Each structure stands twice: as structure tokens, then as C-alpha cells.
Amino acid sequence: MDLILGNDLKKIDLILDEVKIRMVQFLEKLDTLPTHAQDQSIPTFPLPNTGLGSLGSLELFQEHFQKLIVGSAGPRYWGFVTGGTTPASIVGDWLTTVFDQNTQSLKGSGDISAEIELETIKLLLELLNLPPEFNGGFVTGATMSNFTGLAVARQWAGAQLGKDIARDGMTGDVVVLGGSAHSSVIKCLSMLGFGSSNLLNIRTITNREAIDVTALEETLNGLSGKSVILNCSAGTVNTVDFDDIQAIVKLREKHKFWLHIDAAFGGFATCANAYRHLLTGWEHADSITIDCHKWLNVPYDSAVILTRKEHKHLQIQCFQNSNAAYLGDSNDRFSYLNFLPENSRRFRALPVWFSLMAYGKAGFRSIVENSIHCAQTFGNLIEASGEFELMAPVRLNVVCFGLKGNKESTADFLYKLNARGSVFMTPTVLYGKQCIRAAFVNFRTSPQDIEIAMTELNQVYSQMFQN
Ligand SMILES: *Cc1c(COP(=O)(O)O)cnc(C)c1O
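Here's a quick rundown of the structure. The model shown is predicted, which means the values in this text are computed figures rather than measured ones.

With that settled, consider the environment of Phe 26. When you line up the elements, Phe 26 lands in helix 2 (residues 12-29). Considering only alpha carbons, one finds Phe 26 and Ile 69, 43 residues apart in sequence, at a separation of 10.0 Å. Once residues within four sequence positions are removed from consideration, Phe 26 is found in contact with Leu 33, Gln 66 and Ile 69.

Structure follows, in C-alpha cells:
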């Protein structure tokens, strides 16, 4: 063994102690860490011949890179839909790395990680108030979850036409419908051979991002002979709008279609009693996308795809790896290897298992309710201010707003706000207008952070417009 590597192995106790001390310091400072790296140029180093060892690399990293790591896991990083990491999720993630299991197969393959993955899916279904009629597995994010769900949908759609698309390739008689589909769904249509320009957009309700169910019904009436997949949104990223799942499910009395629900973060609305109704009927979906690195507050990269158990054979047709004889027959025994896009995978379920056991239903109810409360508080302050205005009502946990006057300065305003490093938001376009988006999913965010953000907004505004 290389001398440096051998020494590292001997000193692992000391090395991990050192990492622990530094990471605790990092977490303690998370509140005050800049949310934006001013200078994003990093130094480069040649590949050493004789390595630096773990502690040497840690020193080098700390000196040159760590100061540029932003507080995106902190309480005032409101860009995109960015969750934090609860203590239990960090524990699970660290153990995942140490255990280094390859989570593919079930019993008989020498390890129990896939059994724990199934157990984690069971707990997650309980948290989400979903029945046990779903299979589930972990993928890297909601994009891959949408990909997997839509791949099984494609296989189902082919089967309606007597075709095996996974084996024989795409057929032209499959139609994908959506209202305000997330950008990742479009990306999936490209990856799956539908073509990114082939989403048939259904009209949405005026001033809403939710599908107009009458328009959907009209479209379905005109699609006889086609095999139809419907992508529903349960929580759009701009206004957190929900398609009327109950009404859409009712359409299935007359029309046959695959119902995929992209509930990446919106699915967690079910944890809050006052918002559970937004998901009424979602238990009838064929496939559901759930992101874990957003509202579940586990580290990247973690998401789940849920598919009805009755579609298991379609999913295996899509993802079977059974051309490799040494891996066994895919229909013989359930294995994630034949069920999800990836073959070798890290033990991704463990951070979620730890989180669910550590905080339970009450813990996640409080996380979700706190985020919604923060969004509403921030929304109310924006609405009451003289300088800013809401661009959409605050439906759940995202605030879309803009400048009341000087609208052409929105992008410049956001740039200046973010550059101060105290709060981070991202731009968006809503109904053709430039807006600023603040998304609340981090369990650390408190009313005090809302105050800090309002002060920041007002200071940037007066610097820009009042002198
Ligand atoms: C975030 C998000 C996605 C994509 O998720 P990734 O985790 O970034 O892959 C898809 N759909 C919705 C509704 C989202 O909010």
C-alpha cells in the first residue's frame, strides 16, 4: 500500500475528529455565512506525485476553497427550491459514505441496503398519507424521478397500442399533455425520445398555472386512437399552483391516460392539515415524483419515484439489465438494478430513513408549516411595503414579487441584493413579467430571517432609487 494511504488508514480516528470539529464550526456559522460568493475564481493545483494525505488536503481545501463555500444550506438561501440538512440527515449521509453499500438487489445478494430502501419507502408513504399500493425507489433528484415515471408511462402508452417501446423504440402515437410542466419534464421528453417540443400544452386557468380541466377534457375528446400521458403539477415552482387532481382523476371514468404527478416539493403540503386537500386524489396517480433534497431537508442528491405496484412489469421492461446473465433473471426476484435507471447506486435511502425516524410526522408537519408561515409573513410584508408588490398570491411556500415602480430595474435590483450575501433569491418570468422568487423550504428559516431580508431589500432599494 502507498505509504501516505497507509498512514491515512492508521490515523482515520484523528482525521475524522478533525473533520468533525471543522464541520461543527461550519454548521455553527451557517447563519452568518455569505449566501453568494463574490469572487468565484478558484486556484488550481497540479496533481501531486506524492499525495498530501487527508489532513494535508483538508488544510489546502480550507485555505483556498472553504471560504468560497456559500451558505446555501442556511436559513436565508431562498433561491430555486433549496432545502437544508437536518442533523439526522447528516448522520445518515455520513453513514452511507462509510458503509459504502451498492444498493441494487434484495435478499440473497449479500447486503440489506435494498431492504432498508424498501422500508424507507414504506415510511415515506406514511408521511405522505399515501396507500401502500406504490413501489418506490431512490434516484438523484426530481428530474430523474420524472424521467423514470415518464419512462414507465411511455411503456404503458406503447402497451395500449400493442407495442413494446423499451424493446422496439418509439412510436408516433403517444401524446404527452401538460399544463405548467416543470423545465425538467421537457428535458425528460428530450431524453426519452418524445422530443422536447412535443409536449401538448393544455390551457391553464386565467392568471393561474393550474390546468383548465374543461380544456383538458376537450383535448382528450380529440385524441381518440392515441395513447395519452398526462403530466400533472402538484406545486409549480413560481406560484406553487396545483392542478385539480380530483377533477382530473374523475376524467378517467371516460378517458384512459397515464397520470404522472410531479409533486417534487408540493407533495409535502400533505404534511400540513390545512393544505392536505391540495393533494386530494393523488393516491390514484400512476406515478409520482417526490424530491427529498428539497422539503425533506436531506443532503443532495435524493429523490424518490413512486409507481403503482400493478405497473411493476412495465417498469422492469424499461429498466431491466438482464442482458447481463451474471446478475440474474429480472422477473425472478425484485431488484433495484432492474427497476431504476442506474445500476450501481449509493445507499441513498439512509439519510431519509434517519430523518423520518428522527423527526416523525410531527417533525415534518412543523417543518412544512414553518416554511408556509415564513412565506406568508414575507408575502404580507412585501404587500404592505411601498416599494414592492406581489406578482401572484402566496399559495404555499414561494413568494413571487417585483418592484412597484422602476420595473425595468428588477434584474439589477436582484443582482445587487444577492451580491450583499445576506439573502439569496432567484429571478423568474411569470405571465411574461420579470419577477423575483423567494422559496421557503429550509427548516432553519425563522421570522428573524424575514426581518433581515426586509431590511436588506429596503437598503438596496434606497441605495438604488433614493439618492
Ligand atoms: C425541483 C423540481 C424538479 C427538478 O428537481 P431536481 O431535484 O433539480 O432534479 C422537478 N419538478 C419540480 C416541480 C421541481 O420543483
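Turning next to the nonpolar core. Counting 72 residues, the largest nonpolar core has Ile 261, Trp 282, Ile 288 and Leu 296 as the members making the most contacts within it. Excluding its chain neighbours within four sequence positions, the residues that come into contact with Ile 261 are Cys 232, Ala 234, Ile 245, Trp 282, Ala 285, Ser 287, Ile 288 and Thr 289. Within the second largest apolar cluster, 25 residues are counted, among which are Leu 414, Ile 436, Ile 450 and Ala 453.

So, about the environment of Ile 382. Topologically, Ile 382 is positioned in helix 12 (residues 349-384). When the C-alpha positions of Ile 382 and Pro 131 are compared, they lie 40 Å apart, and in sequence the two are 251 residues distant. Beyond its immediate chain neighbours, meaning those up to four positions away, Ile 382 contacts Phe 388, Glu 389, Leu 390, Phe 401, Met 454 and Leu 457.

Here the focus is the sheet that holds strand 10 (residues 426-430). Pairing is antiparallel in the open sheet, where 4 strands are placed in the order 8-9-11-10. In this open sheet, the two strands that pair with only one neighbour each are strand 8 (388-390) and strand 10. For this sheet, the mean angle separating the axes of adjacent strands, direction not counted, is 45 degrees. Relative to strand 11 (residues 433-439), strand 9 (residues 398-403) is paired through 4 bridges, and the arrangement is antiparallel. Note that in strand 11 the partner of Val 398 across the bridge is Ala 439.

Here we take up the pairing of strand 2 (residues 174-178). The buried fraction of strand 2 is high, at 5 of 5 residues. Burial of the side chains of strand 2 extends over both faces: Val 174, Val 176 and Gly 178 are buried on one face and Val 175 and Leu 177 on the other. Of the strand pairs in this sheet, strand 2 and strand 4 (residues 227-233) are connected by 5 bridges, and their pairing is parallel. Note that in strand 4 the partner of Leu 177 across the bridge is Leu 230. Judged from the 3 bridges that link them, strand 2 and strand 3 (residues 199-201) form a sheet pairing that is parallel. What sits directly across from Val 176, in strand 3, is Leu 199.

So, how was this worked out
- Residues numbered from 1 in each chain as written.
- Predicted model: local features only at pLDDT ≥ 70, side-chain atom pairs only at ≥ 80, totals over all residues.
- Heavy atoms only, no water.
- Helix = DSSP H or I, 4+ residues; strand = E, 2+ residues; numbered from the N terminus.
- Contact = heavy atoms within 4.5 Å.
- Core = buried A, V, L, I, M, F, W, Y, C linked by side-chain atoms within 4.5 Å.
- Buried < 20%, exposed > 50% of the residue type's maximum accessible area, 1.4 Å probe, protein only.
- Pairing = 2+ DSSP bridges.
- Axes fitted to C-alpha atoms, helices over the stretch in contact; angles between N-to-C directions.

In short, the description is geometric, and any link to function would need to be established separately.
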